[in-house]
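# Coordinate inspection notes
For reference, the chains in residue letters:
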Amino acid sequence: MRTAGERPGAPGGSADPMVPRPFRVTRRRRETADTFTLDLVAEDGKPFAFAPGQFNMLYVHGVGEVPISISGDPADGTRLVHTIRAVGKVSAALCAMKRGDLVALRGPYGKPWPTVEAEGHDVVFIAGGVGLAPLRPAIVHAIANRHRFGKVIVLYGARSPADMLFAEEVQRWRGLFSMEVDATVDRAGPDWLGRVGVVTKLVERAEFDPAHTLAMICGPEVMMRFSVEMLTRRGVAEDRIYVSMERNMKCAVGFCGHCQWGSAFVCRDGPVFRHDRIAHLNAIREL
Amino acid sequence: MVCAVNKHLDARLLDPAGADELVRALQRRGFSVIAPAIEDDIVVLREYGPADTLPRGYSDTQDGGSYRLTRTGDDRLFAYAAAPQGFKRVLWPPRQTLYESRRTADRLEILPVTEEPKKLALFAARACEIDAIAILDGVFDNGDFADPGYWARRRDAFVVLVECGRSGDTCFCASMGTGPAREAGFDIALTEIFGNGPHRLLARAGSERGAEVLAEIAGRPATAGDADDRNRMLAEVAAAQARRMPADVAAILAANPEHARWNAVAERCLTCGNCTMVCPTCFCSTTEDSSSLDMSTATRARRWDSCFTIDYSYIHGGAVRASARSRYRQWISHKLSTWHEQFGRAGCVGCGRCITWCPVGIDIVEEANAIAASSA
Ligand SMILES: Cc1cc2nc3c(=O)[nH]c(=O)nc-3n(C[C@H](O)[C@H](O)[C@H](O)COP(=O)(O)OP(=O)(O)OC[C@H]3O[C@@H](n4cnc5c(N)ncnc54)[C@H](O)[C@@H]3O)c2cc1C
Ligand code: SF4
Ligand code: SF4
Ligand code: FES
């Protein structure tokens, strides 16, 4: 929590936490048919610090604003990286951005991945689909600070080989002696020689010491649920399993109400939650 | 129950005409005074104009799904209960422009839209209403973020409390612990005493500036007997409330997310969202984007939203709360249960508006009691 004086929009001040600042697209990469990664640089030149797992609200002129996780290197304060899948109006407009185009954004928001708590543990990252994007800063951080962790394991599931994000980088991670990467797809053509099946299979097989493991999971809710089940079955403590939740968000600062999940405001209390603290919410449908 | 120890000024007695004098004294100090008025057979809160006087002789009958303004045949000032809309409208307007985005060949400019803050006086806010404002204060300054527009209107707002001399038919403030008496959160408090000695207003100051304003109004010191009359009247008002929220409702709702009653209420609920639109503590909002024809200027605005809409919980693939059952459960559970974990208290002040303005007369107290009666 910030002190009263530096709070955006504090009663004493006038800055509105709902008002974003302009950023310029400096690079656009195509990840898959519908997913693109944008590099953004602040027009005002001010550095941007964030923690892995946090997100920004990205505004497209006249179109709207959506929450998008930061997918870049947390050690790089000059360039913000976002990986966006086009599923609707605003996300499609973001994906259509070209180099030189302008967006406006505000953030960073939300509780980050437990990168400090993970130190000294085997760390298992479990990603489904675009869920790899919010995990990438934590993985990059783990690689850069490799000595602080036990084993580093990335388990990634995608719909098909063509739907895998950061394909080259994942290949590079796979080539490192210091970490293990396993990937699987739901379905594939004959030229895919990798695994086919659900990501929980990878969790079942991965080699880590359950008593000293911390897991971070991001992907569709069912995939996260089954991954948690498999991890606990293998003996990983519920208070060392973290998931990142997605809910409708119109403000990210606790004002709009949309992201509520039980008593949690996903924007402020999440999006990263420790599993044992939300297991009771998971059990209730349509909450 | 009530004791009127006042650190600023001893209680004073005003003639009924003192209420309008008080409004004008506030106007002389530069306040834009938002006060009750009668429009289209309902009580509304609007800026008190030069030709206005406070309505006299009005009351109302309220019940599940019905509201009717009535005449009392006397000149009581405050015999009506909660108006359809509270002061939330003033402090947190239904539509607020957030910013304008201007795009030129190589630039994007984001220009915050800030209105010139008015000096507001909220006149004749009932106890529950002031409690609702205290709740909104906590929402719009949550420790990490505060809304500057809300606080520009709220920070120096002058608050005149009116303690209710009659309980509305759907009120249940007593069991929520929010009314009808109140000892803090106002600059001036008025209690109308009628039918017991002369028609008079007992006035108390709750702040230095309240004491200053009150000193300008013709009046006389109140006696211990007047204070007794007030206490007795407020105790009667509280006792007259038939609706009572179960004391442990927060825990009961938390323990019963799958109660059969949710299905029963969903069969009646139209998911129209009326309840959320009249509730003085509902704070949800959504955003709206519009732009000029040539797309050079775009405006982003915020407007009230309701957890009863299907879009409210939409994430791609579908709404999280698709069924009416889950949306009603969300609303009432938030008001009465999860609010405690979020803000340390209930989100309901017992004003009864959601009961009165529900077209099918769904009653939050009845629903809570039904679940409590057959709690898992
Ligand atoms: C904390 C958080 C982090 C996210 N990170 C990423 C990311 O890194 N990459 C990415 O591609 N997507 C991410 N999303 C999902 C992304 O926000 C939605 O895809 C996006 O809001 C869809 O908006 P739209 O206008 O394109 O789609 P539409 O279908 O037109 O959406 C209409 C409205 O519904 C809401 N909405 C729809 N889908 C979602 C959703 N899945 N989550 C939240 N609100 C939704 C939005 O308010 C949107 O304005 C994240 C969501 C959250 C909550
Ligand atoms: S929930 Fe109903 S009774 Fe409670 S404060 Fe809101 S409108 Fe009033
Ligand atoms: S409870 Fe009544 S007022 Fe509220 S949404 Fe349902 S039908 Fe509308
Ligand atoms: S996104 Fe608005 S309250 Fe969380």
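Residues numbered from 1 in each chain as written. Chains lettered and ligands numbered in written order. Predicted model: local features only at pLDDT ≥ 70, side-chain atom pairs only at ≥ 80, totals over all residues. Heavy atoms only, no water.

## Structural notes on the pattern of salt bridges
Stated precisely, the cut-off is as follows: Whenever a carboxyl oxygen of Asp or Glu lies within 4 Å of a side-chain nitrogen of Lys or Arg, that contact is scored as a salt bridge.
Scanning the entire structure with this criterion turns up 54 salt bridges over all chains. Through salt bridges with shared partners, a single ionic network connects Arg29, Asp39, Asp76 and Arg79 of chain A.

## Looking at the interface of chain A and chain B
Cut-off, in case you're wondering: The contact rule is simple, with two residues in contact once any of their heavy atoms fall within 4.5 Å. Note on terms: buried area is the combined drop in 1.4 Å-probe accessible area of two parts once they are placed together, counting the loss on both. A run of DSSP states H or I qualifies as a helix once it reaches four residues; a run of E qualifies as a strand once it reaches two. Both are numbered from the N-terminal end. Throughout, the ten residues Ala, Val, Leu, Ile, Met, Phe, Trp, Tyr, Cys and Pro are labelled nonpolar, Asp, Glu, Lys and Arg are labelled charged, and all others, Gly among them, are labelled polar.
Taken together, the 48 residues of chain A in the interface contact 55 residues of chain B. For the chain A and chain B pair, buried surface summed over both sides reaches about 4,500 Å², with 53% attributable to carbon and sulfur atoms. Where chain A touches chain B, the interface holds 3 salt bridges. The salt bridge partner of Asp106 of chain B is Arg24 of chain A, with a shortest N-O separation of 3.0 Å. Among the elements of the structure, β1 (21–30), β4 (64–69) and β6 (102–109) of chain A are those that each provide at least two residues to the side of chain A that touches chain B. Top element by residues in the side of chain A that touches chain B is β6 of chain A. It accounts for 4 residues. For the side of chain A that touches chain B, the class distribution of residues is 23 nonpolar, 13 polar and 12 charged.

## A look at the environment of Ala324 of chain B
Residue and element names in this part refer to chain B. Relative to the elements of secondary structure, Ala324 occurs in helix α11 (residues 324–343). Linking Ala324 and Leu190, residues 134 residues apart in sequence, is a C-alpha distance of 42 Å. The residues touching Ala324, leaving out its near neighbours within four places in the chain, are Ala266 and Thr271.

## Points about the confidence of the model for chain A
Residue and element names in this part refer to chain A. To keep it simple, the criterion reads: Confidence of the prediction at every residue is given by pLDDT, a number between 0 and 100.
With 95% of its residues at a pLDDT of 70 or more, chain A has an overall mean of 93. Across residues 1–7, where pLDDT falls below 50, the model places 12 contacts with residues more than four positions away in sequence or in other chains. Predicted confidence for residues 9–13 stays below pLDDT 50, and this span has 12 contacts to residues more than four positions away or in other chains.

## Let's talk about the domain arrangement of chain B
Residue and element names in this part refer to chain B. Definition in use: Per the annotation, domain bounds derive from an automatic or database assignment of domains. In protein, a polar contact means a hydrogen-donor-capable atom and an acceptor-capable atom, both N or O and within 3.5 Å, with residues adjacent in sequence counting only if both atoms are side-chain atoms; elsewhere, any N or O pair within 3.5 Å suffices.
What the domain assignment reports for chain B is domain 1 (5–98 + 113–239) and domain 2 (249–287 + 306–375). Taken over C-alpha atoms, the centre of domain 1 sits 27 Å from the centre of domain 2. Taken together, the contact pairs 30 residues of domain 1 with 28 residues of domain 2. Broken down residue by residue, the surface that domain 1 buries against domain 2 is led by Lys88, Ile135 and Phe172, which jointly contribute 25%. Linking domain 1 with domain 2 are 2 salt bridges. Here domain 1 and domain 2 share 17 residue pairs in polar contact (both at pLDDT 80 or more) between them. At the level of secondary structure, the elements contributing two or more residues to the side of domain 1 that touches domain 2 comprise β4 (58–63), β5 (66–71), α3 (127–139) and α5 (173–176). The dominant element in the side of domain 1 that touches domain 2, judged by the number of residues it contributes, is α3, at 8 residues. The residue inventory of the side of domain 1 that touches domain 2, partitioned by class, reads 17 nonpolar, 9 polar and 4 charged.

## Some details on the site of ligand 1
Defined as follows: When at least one non-hydrogen atom of a residue lies within 4 Å of a molecule or strand, that residue is treated as near it. We get accessible surface area from the Shrake-Rupley algorithm with a probe of 1.4 Å; when it comes to residues, only the shown protein chains can shield them.
Around ligand 1, the structure places 21 residues, and the nearest of them are Pro67, Thr83, Arg85, Ser91 and Glu246 of chain A. What surrounds ligand 1 is not a single chain but chains A and B. Contact between ligand 1 and Arg85 of chain A: an oxygen atom at 2.7 Å from a main-chain N or O atom of the residue. In the environment of ligand 1, a nitrogen atom lies 2.5 Å from a nitrogen or oxygen atom belonging to the side chain of Glu246 of chain A. For ligand 1, whose accessible area on its own is 820 Å², the fraction buried by protein is 89%. Tallying contributions element by element places β4 of chain A first for the shell around ligand 1, with 4 residues.

## Description of the sheet that holds strand β11 (residues 213–218) of chain A
All names here are of chain A. Filter applied, for reference: Any two strands are treated as partners once DSSP identifies two or more bridges connecting them. Here, axes are lines fitted to C-alpha atoms. For helices the fit covers the stretch in contact, and angles between N-to-C directions go from 0 to 180 degrees.
Read across the open sheet, the 7 strands follow the order β10-β9-β8-β7-β11-β12-β15; overall the sheet is mixed. In this open sheet, the two strands that pair with only one neighbour each are β10 (195–196) and β15 (272–274). In this sheet, strand β9 (residues 180–185) lies alongside strand β8 (residues 152–158) in parallel orientation, the contact comprising 6 bridges. Directly across from Val154, in β9, lies its bridge partner Val181. On top of the sheet, helix α7 (residues 275–282) reaches β12 (241–244) and β15; it is set at about 95 degrees to β15, its chief contact.

## Focus on the packing of α11 of chain B against helix α13 (residues 364–373) of chain B
Residues and elements named next belong to chain B. We count it as follows: With respect to orientation, any angle under 35 degrees is reported as roughly parallel, any angle over 145 as roughly antiparallel, any angle of 65 to 115 as roughly perpendicular, and every other angle as oblique.
The geometry of α11 relative to α13 is characterised by a closest axis approach of 12 Å and an angle of 90 degrees between their N-to-C directions. With respect to α13, the axis of α11 lies roughly perpendicular. Across the interface between the two elements, Tyr328, Trp331, Ile332 and Leu336 from α11 touch Ile364, Glu367 and Ala368 from α13. Here the contact of α11 with α13 is built from residues that sort into 6 nonpolar, no polar and 1 charged.

## Topic: the domain arrangement of chain A
Note: interface size is frequently given as the accessible area lost on complex formation between the parts. Residues and elements named next belong to chain A. Here the domain parsing of chain A yields domain 1 (11–109), domain 2 (122–232) and domain 3 (245–287). Computed over C-alpha atoms only, the centres of domain 1 and domain 3 are separated by 22 Å. Contacts between domain 1 and domain 3 engage 9 residues on the former and 9 residues on the latter. Carbon and sulfur atoms supply 75% of the area that domain 1 and domain 3 bury against each other, a total of about 680 Å² over both sides. Area buried by domain 1 at its contact with domain 3 is led by Met18, Phe55 and Tyr109, which between them contribute 49% of it. Linking domain 1 to domain 3 there are 0 salt bridges. Where domain 1 packs against domain 3, one counts 1 residue pair in polar contact (both at pLDDT 80 or more). Residue classes in the side of domain 1 that touches domain 3 are distributed as 6 nonpolar, 1 polar and 2 charged.

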